[in-house]
Amino acid sequence: MTDFQPSASFARKRKIENPYHDEDQSSFPNMKRLALLSLSLGFPTLILLHALHPNGNNQHLFTFFSRKKESLADFKFPVASSSSRFLNNDHEELAATTRTSFSSFANENDPNLLPMTFHVPPQGDLDNTFPKEFLAYVQPDVSTFYRETPGTRRPMKPRFQGLAGKFINLSPDYLALYWDDGHGGSLIADMPPFQAVGTATFPIHKFFISKKKNKNDVVSRIHIHPDQNLYVYDAFELGHATFQDLSSDDLELYHIQKNNLYFAEQYRKFTGRDWLSLYPHRQRPMYKMWNADYFGQQHWVVSKETHYIAEPPEELLGRLRTDEMHRDRRLYLNARNLTRYRSEDGGSTLNMTLTVLSCAPRVFEIKNFLSHAEVDHIVHMATGMKLRVSTTSGSDGGHDARSDSSTRTSKNSWVNRGRSPIMDSIYSRAADLMQIDEALLRHRDESEFPEVPHKGSNAEDFQLVHYAVSEQYTAHHDFSYPNVNKNGQPARFATLLLYLNEGMVGGETAFPRWVNSESGEKLAVKPEIGKGILFYNQLPDGNMDDLSQHAAEPVEKGEKWLINLWTWDPKFR
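Here we summarise the structure given alongside this text. Bear in mind the structure is a predicted one, so any value in this text is a computation, not a measurement.

What counts as what
- Residues numbered from 1 in each chain as written.
- Predicted model: local features only at pLDDT ≥ 70, side-chain atom pairs only at ≥ 80, totals over all residues.
- Heavy atoms only, no water.
- Helix = DSSP H or I, 4+ residues; strand = E, 2+ residues; numbered from the N terminus.
- Buried < 20%, exposed > 50% of the residue type's maximum accessible area, 1.4 Å probe, protein only.
- Contact = heavy atoms within 4.5 Å.
- Areas by Shrake-Rupley, 256 points an atom, 1.4 Å probe, with all protein chains shown as cover.
- Axes fitted to C-alpha atoms, helices over the stretch in contact; angles between N-to-C directions.
- Parallel < 35°, antiparallel > 145°, perpendicular 65-115°, else oblique.
- Left-handed = near helix turned anticlockwise from the far one by under 90°.
- Nonpolar A, V, L, I, M, F, W, Y, C, P; charged D, E, K, R; others polar.
- Pairing = 2+ DSSP bridges.
- Core = buried A, V, L, I, M, F, W, Y, C linked by side-chain atoms within 4.5 Å.
- Polar contact = N/O pair within 3.5 Å; in protein donor to acceptor, adjacent residues only side chain to side chain.
- Expected span 1.5 Å × (residues − 1).
- Phe/Tyr/Trp six-rings, centres within 6.5 Å; stacked < 30°, edge-to-face > 60°.
- Lys NZ or Arg CZ within 6 Å of the ring centre and 35° of its normal.

### Overview of the overall build of the protein chain
No. 1: When you go through the protein chain residue by residue, the secondary structure sums to seven helices and 25 strands.
No. 2: Classification of the 573 residues of the protein chain by burial places 56% in the buried group.
No. 3: Restricting the contact set of the protein chain to residue pairs at least 6 apart, pairs at least 24 apart contribute 78%.
No. 4: Surface accessibility of the protein chain: about 24,700 Å² in total, with carbon and sulfur atoms responsible for 51%.

### Structural notes on the packing of helix 6 (residues 372–382) against helix 7 (residues 421–434)
No. 1: Across the interface, helix 6 lies against helix 7 with an axial gap of 10 Å and an inter-helix angle of 125 degrees. With respect to their mutual orientation, helix 6 and helix 7 come out oblique. For the element pair helix 6 and helix 7, the recorded crossing hand is left-handed. Facing E374, H377, I378 and M381 of helix 6, the residues of helix 7 in contact are I422, M423, I426 and R429.
No. 2: Of the residues that constitute the contact of helix 6 with helix 7, the class distribution is five nonpolar, one polar and two charged.

### Some thoughts on the sheet that holds strand 5 (residues 175–179)
No. 1: In spatial order, the strands read 6-5-8-9; together these four strands make up an open sheet with antiparallel pairing. Both edges of this open sheet fall to strand 6 (186–191) and strand 9 (214–223), since each of them pairs with a single strand only. Strand-to-strand twist across the sheet, computed as the mean angle between neighbouring axes with direction ignored, equals 30 degrees.
No. 2: The sheet contact formed by strand 8 (residues 206–211) and strand 9 spans six bridges and is antiparallel.

### Describing unusual backbone geometry
No. 1: In this model, Y279 is joined to P280 through a cis peptide bond whose omega is -5 degrees.
No. 2: Along the chain, P280 falls in the loop between helix 5 (248–271) and strand 11 (298–303).
No. 3: In this chain, D569 is followed by P570 through a cis amide linkage whose omega measures 0 degrees.
No. 4: Structurally, P570 is set in the segment after strand 25 (560–569).
No. 5: One non-glycine residue, N368, lies in positive phi territory at about 55 degrees.
No. 6: On the secondary structure map, N368 appears in the loop between strand 13 (363–366) and helix 6.

### Focus: the nonpolar core
No. 1: F369, I426, F462, L500 and L534 are the most contacted members of the largest nonpolar core, which has 59 residues in total.
No. 2: Counting only elements with at least two residues in this core, the list comes to strand 12 (350–358), strand 13, helix 6, helix 7, strand 16 (462–467), strand 18 (491–499), strand 22 (532–536) and strand 25.
No. 3: At eight residues, helix 7 tops the list of elements feeding residues into this core.
No. 4: Counting residues in hydrophobic clusters, the runner-up holds 48 residues, among them F134, A189, A264 and F479.

### Things to note about the sheet that holds strand 17 (residues 473–476)
No. 1: Read from one edge of the open sheet, four strands run 17-23-20-21, paired in antiparallel fashion. With one partner strand each, in any of the chains shown, strand 17 and strand 21 (523–525) form the two edges of the open sheet. Between one strand and the next, the sheet's axes are offset by a mean angle of 15 degrees, whatever the strand orientation.
No. 2: Where strand 20 (residues 509–511) and strand 21 come together, three bridges link them in antiparallel fashion. Looking at the pairing, F511 lines up with L523 of strand 21.

### Some thoughts on the side chain of E448
No. 1: With respect to the helices and strands, E448 occurs in the loop between helix 7 and strand 16.
No. 2: Polar side-chain contacts of E448 include one of 2.9 Å to the side chain of R442.

### Some remarks on the environment of M289
No. 1: Topologically, M289 is positioned in the loop between helix 5 and strand 11.
No. 2: Here M289 falls in the buried class, since its relative accessible area comes to 7%.
No. 3: Sequence separation between M289 and F493 is 204 residues; the distance between their C-alpha atoms is 9.6 Å.

### So, helix 6
No. 1: Of all eleven residues in helix 6, nine are buried, a share of seventy percent or more.
No. 2: Taken together, the buried positions of helix 6 are A373, E374, V375, D376, H377, I378, V379, M381 and A382.

### Examining the pairing of strand 4 (residues 163–170)
No. 1: Strand 4 sits mainly inside the fold: eight of its eight residues count as buried.
No. 2: Where strand 4 meets strand 10 (residues 230–234), five bridges bridge the pair, whose relative direction is parallel. Bridged to N169 within strand 10 is Y233.

### Here we look at helix 7
No. 1: With 14 residues, helix 7 ought to run about 20 Å at 1.5 Å a step, and its terminal C-alpha atoms sit 20 Å apart, in line with that.
No. 2: Taken across its 14 residues, helix 7 has 14 buried, putting it largely inside the fold.
No. 3: Q435 lies just past helix 7 and shows a positive phi near 60 degrees.

### Considering the side chain of E374
No. 1: Its place among the elements puts E374 in helix 6.
No. 2: A relative accessible area of 0% places E374 in the buried class.
No. 3: Excluding anything up to four places from it in sequence, E374 contacts T306, H307, Y308, F369, I422, I426 and R429.

### A closer look at the packing of aromatic side chains
No. 1: This structure, assessed with the given rule, holds 30 aromatic pairs.
No. 2: Aromatic side chains F263 and W275 sit 5.0 Å apart centroid to centroid with 80 degrees between the ring planes, which places their arrangement in the edge-to-face category. Of the two residues, F263 is situated in helix 5 and W275 in the loop between helix 5 and strand 11; the sequence distance between them amounts to twelve residues.
No. 3: Exposure remark for W275: the relative accessible area of 0% places this residue in the buried category.
No. 4: The ring of Y294 has R147 sitting right over it, with the charged end atom 4.2 Å from the ring centre.
No. 5: If you follow R492 out to its NZ or CZ, it ends over the ring of W566, 3.5 Å from the centre.

Encoded structure:
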């Protein structure tokens, strides 16, 4: 392992600046004052404020003044967590009427979720004789992304032709998936019986499936086709296996997969895309998803987690216990830590703007999510960490995913929420940005969210990543395909990228398949200090979003530092 230090030029960037000196931030409203004004003048004020907003978008106002509770699968979330402990005694206690951060724990009805009626043949004990209805997400016409009448524009074909490949093993045998590289094959993944695996691929690729213990015993060969994600090895249809040889558990898994494939066939006819989840076990996301109706659309979010503008002394930056991260928002709705080191320019709240960069996939830019002092703190921690060849998951009980140096050449480490009060604050701010209660992004005691069966965090540790010259991460997806037996089919729901430096040549975050009508080139997001990029790995109907494929472009000159946060739905594995 090698120690990585920030460059000298990067380390010199320690000047603390007001993050709102940026021209784009000067027009932020003070949401707290708007709240008091509306409460005094009545609801018509909302209508007036809506008319004054330059984009005519009042989503942020209604988010600020209302909270909607909806049923989530098998339970409902309360609106506040319960705890009597604080991080430390250096906090504020504000009146309940000045509540400034909200959590909406439901994917609100999307106008593009349309009822799909379908039939599934009977499978084992599953009664599928009656027609079923499913709310399927149908991608809007590209013209609407430009606020124009549907049908006036056509999408450009992207130059990048990659896609997600999902491979299903419908057999009782342990198999292995290989990429046919012309040199005997390169192992992609093991394929347990009746499970699915996946990888990013291209239409020119070829794969083969063989017995796990004998690479030369090939049972199936696969050629990737454009716009086709699903590939199935069905040993029973090919006469390679019989149902009489199956245990009752294996037979149940077979029926689950067949039921899912029947559904997937009709889902593709209705939506035009392949179904990459597991029906009916995969439900709609339980979290709110910000809508991305048109390019440049904006949403405003208010958080009580204001910026740190000075780094506190070392003695105040120690690790936190789980109970020290609790926020009792029913009693102290705006409790904050270490307020003397925070910005008060906007009062006791921070205004954040999400700007739509892409509608499909849904990609948002958040300027100045981090302050310079917070960036300095994160990088300061990095100087004392050993970074290793990047892996793909943190906080998962020691699992260390295999790294492919041909696709990912960066170095990384993992930083958990309790590493310091500043990291705890950033987690809480991220929760506000995504409209998730911060308690769901940490371990909880039995008194918090008793309706939620699991008590662990729904987010991974922050991943701290460093890219040197020529290092990159080729186009990939952040989601994976859970084991069929996994309750709720947990998968990565959202990715939040936070840039820690700028000025490098290259190093953009690229979305090569974004839907637009003007260019077949990739959408490339340039790193800027403190900027955040939020995108979703799932669609509003629970399907995985194939268009969320993204890449870290090679750094041509300089270096690149960032941290990213992965939030899972319905829970972290």
